[in-house]
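Structural overview for review
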Amino acid sequence: MKEILNELIEHRSLSKETAKQVLVDLASGKFNASQTSAFMTVYMMRSITIDELQGFRDAMLELCIPVKLELPVMDVCGTGGDSKNTFNISTLSSFVVAASGQPVAKHGNYGVSSVSGSSNVLEYFGYKFSNNIDELKRSLDRANICFMHAPLFHPAMKNVAPIRTELGVKTFFNMLGPMVNPAFPKRQLVGVFSLELARQYGYLYQQTDKDFVILHSLDGYDEVSLTGAFKYFYNEGEVLAEPQDLNLPHLRSDELKGGDTVEASAKIFMAILEGNGTEAQNSAVIANAGMALFCGHQKEGLASALAKARQALESRAALGCFKKLLGS
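Predicted model, so just to flag it, every value in this text is computed and none were measured. Residue indices begin from 1 for each chain and proceed along its sequence in written order. It should be noted that, the model being predicted, local features are given only for residues of pLDDT at least 70 and side-chain atom pairs only at 80 or more, the latter also being counted only at that level, while totals for whole chains, interfaces and linings use all residues. To get the side-chain values, all heavy atoms of the structure are used, and hydrogens and water are removed first.

Topic: the overall build of the chain
Definition in use: For helices the rule is a DSSP run of H or I covering at least 4 residues; for strands it is a run of E covering at least 2, with both sets numbered from the N terminus onward. Each radius of gyration reported is based on C-alpha atoms, and the globular scaling rule is 2.2 Å times the count of residues to the power 0.38. Throughout, exposure labels follow a simple rule: accessible area from a 1.4 Å probe, protein chains only, divided by the maximum for the residue type, with under 20% read as buried, over 50% as exposed, and the rest as partly exposed. By the convention used here, residues are in contact when the closest approach between their heavy atoms is within 4.5 Å.
A count of helical and extended segments in the chain gives 15 helices and 7 strands. A compact globule built from 328 residues would reach a C-alpha radius of gyration of about 20 Å, and the chain, at 19 Å, matches this within 12%. With the C-alpha coordinates aligned to their principal axes, the bounding extent of the chain is approximately 55 × 40 × 40 Å. Here the chain, with 328 residues, has 55% of them falling under the buried criterion. Taking as baseline every contact in the chain between residues at least 6 positions apart, the subset at least 24 positions apart corresponds to 71%.

If you want it as structure tokens, here you go:
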């Protein structure tokens, strides 16, 4: 690791092959906590390259427990790490998407730079995480959505998890999260925390057979925040858009705030599903769920996808999916 760190400190980058091997070694516990922390810290101070991102991704997918699903599933996932502490927009959007007829294999984890990640809020409601493939398939049959708690599918990362938690800030693992869904979804909505990373994701996803939409709000959100202009990259190119292009209102950042505790975040979560969300909260969920549905049905257009998302939320169909996932 000393040689690798010296290379990086000298502002040199890793090849795809070296990046992959370093992550395999990191996962196997070859490096001590100080070395691992130093390695992660480098990528807080400088940009990751395409080759490094590819190498890290390939290592994570090689080491994961794969989930083979027959359905054409979609993931709706953000990198996190934008430090905006919004309510659980992508998790709520996942239930809206599932209620609209698109099967969802949601990949998630505990919050690192926010109070409540998707795993925090689902665990609060009593959801039991599992990496049992049959149970995940039953969830899909029952609710049209299954949830994959990342640590159960990436056991090699157990050496890294405590260090990430102690650091409490985004690391390159945030950048990798959406790319390493163990179900290998053919459709994917990804929100990212920087425009540079959005472009890198766009380049890498263009090399695959996925239907994809990659989102970044220009004021720093890893989703469509409706607080200003946002950019999305998809199979046909890239678009700069404003909230009015979605026929949705322009929002203030304070209208998207999540709770200060997991319990408070869970209350916001349920209020929105039960039809008691504010106009701003509902609009943010509809925007992101609509973009996800557009990802799977680009030829039908964005307006149609947004209309489906609104219907699924306002009819409480998304609430129904949530209850079915919990088995209630």
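A look at the pairing of strand 5 (residues 211-217)
Operational definition: Here the term right-handed applies to a crossover when the path leading from its first strand over the helix to its second strand runs clockwise, the strands being oriented away from the viewer. Pairing between strands is defined by DSSP: at least two bridges between the two strands are required.
For strand 5, the tally of buried residues reaches 6 of 7 residues, placing the bulk of the element in the interior. With helix 11 (residues 195-206) bridging strand 4 (residues 187-191) and the parallel strand 5, this β-α-β connection has right-handed handedness. The pairing of strand 5 with strand 6 (residues 230-234) spans 5 bridges and is classified as antiparallel. Bridging across to strand 6, Ile214 finds its partner in Phe233.

Let's talk about the side chain of Asn85
Relative to the elements of secondary structure, Asn85 occurs in the loop between strand 1 (74-78) and helix 5 (89-99). Asn85 has contacts with Ser114, Val115, Leu256, Lys257, Gly258 and Gly259, leaving out every residue within four places of it along the chain.

Notes on unusual backbone geometry
We note that His11 has phi near 65°; this positive angle belongs to a residue other than glycine. Relative to the elements of secondary structure, His11 occurs in the loop between helix 1 (2-9) and helix 2 (16-27).

Points about the packing of aromatic side chains
Condition: To pair, rings of Phe, Tyr and Trp, with the six-membered ring standing in for Trp, must have centres within 6.5 Å; the planes then decide the type, stacked if under 30 degrees apart, edge-to-face if over 60, and tilted in the middle. Two limits define a charge over a ring: the Lys NZ or Arg CZ must be within 6 Å of the ring centre, and within 35 degrees of the ring normal.
Evaluated as defined, the whole model comprises 23 aromatic pairs. Aromatic pair Phe39 and Phe172: ring centres 5.7 Å apart, planes at 85°, arrangement edge-to-face. Note that Phe39 is positioned in helix 3 (residues 33-45) and Phe172 in helix 10 (residues 172-176), a separation of 133 residues in sequence. When sorted by exposure, Phe39 lands in the same class as Phe172, which is buried. Arranged with centres 5.8 Å apart and planes meeting at 35°, the rings of Phe129 and Phe147 form a pair that is tilted. With Phe129 in the loop between helix 6 (118-124) and helix 7 (133-143) and Phe147 in strand 3 (residues 145-149), the pair connects residues that are 18 residues apart, well separated along the chain. On the accessibility criterion, Phe147 (2% relative accessible area) is buried. Taken together, the ring pairs connect Phe39, Tyr43, Phe56, Phe172 and Phe173 into an aromatic cluster. Here the basic side chain of Lys68 rests over the ring of Phe184, its NZ or CZ set 5.8 Å away from the ring centre. Across from the ring centre of Tyr221, 4.8 Å away, lies the NZ or CZ of Lys84, which sits over that ring.

Describing the pattern of salt bridges
For clarity, the cut-off: Here, a salt bridge means any side-chain nitrogen of Lys or Arg that lies within 4 Å of a carboxyl oxygen of Asp or Glu.
In this structure the tally under the stated criterion is 14 salt bridges. Asp58 serves as the salt-bridge partner of Arg57, at 3.1 Å between the closest nitrogen and oxygen. Here Arg57 falls in the buried class, since its relative accessible area comes to 16%. Overall, Asp58 belongs to the partly exposed group, its relative accessible area being 24%. Put simply, Arg252, Asp254 and Glu255 are held in one network by salt bridges that share partners.

Topic: helix 2
Quick reminder of the rule: Expected span of a helix, by definition, is 1.5 Å for each gap between consecutive residues, and there is one gap fewer than residues.
Over its 12 residues, helix 2 extends 17 Å from the first C-alpha to the last, a length consistent with the 16 Å expected when each residue adds 1.5 Å. Among the structural elements, helix 1, helix 3, helix 4 (50-63) and helix 10 are those in contact with the buried residues of helix 2. With its phi angle positive at about 85°, Gly29 sits one or two positions after the end of helix 2.

Re the packing of helix 5 against helix 12 (residues 262-273)
The condition is simple: Axis angles are defined between N-to-C directions and span 0 to 180 degrees, where every axis is a line fitted to C-alpha atoms and, for a helix, only to the segment in contact. Each angle gets one of four labels, with under 35 degrees taken as roughly parallel, over 145 as roughly antiparallel, 65 to 115 as roughly perpendicular, and the rest as oblique. Each crossing gets its hand from how the near helix is turned against the far one by less than a right angle, where anticlockwise is left-handed and clockwise is right-handed. For this scheme, ten residues count as nonpolar: Ala, Val, Leu, Ile, Met, Phe, Trp, Tyr, Cys and Pro. Four count as charged, namely Asp, Glu, Lys and Arg, and the remainder, Gly too, count as polar.
For the pair helix 5 and helix 12, the least separation of the axes is 11 Å and the interaxial angle reads 30°. With respect to helix 12, the axis of helix 5 lies roughly parallel. Where helix 5 crosses over helix 12, the two elements pack in a sense that is right-handed. Residues Thr91, Leu92 and Phe95 of helix 5 pack against Phe269, Ile272 and Leu273 of helix 12. Here the contact of helix 5 with helix 12 is built from residues that sort into 5 nonpolar, 1 polar and no charged.

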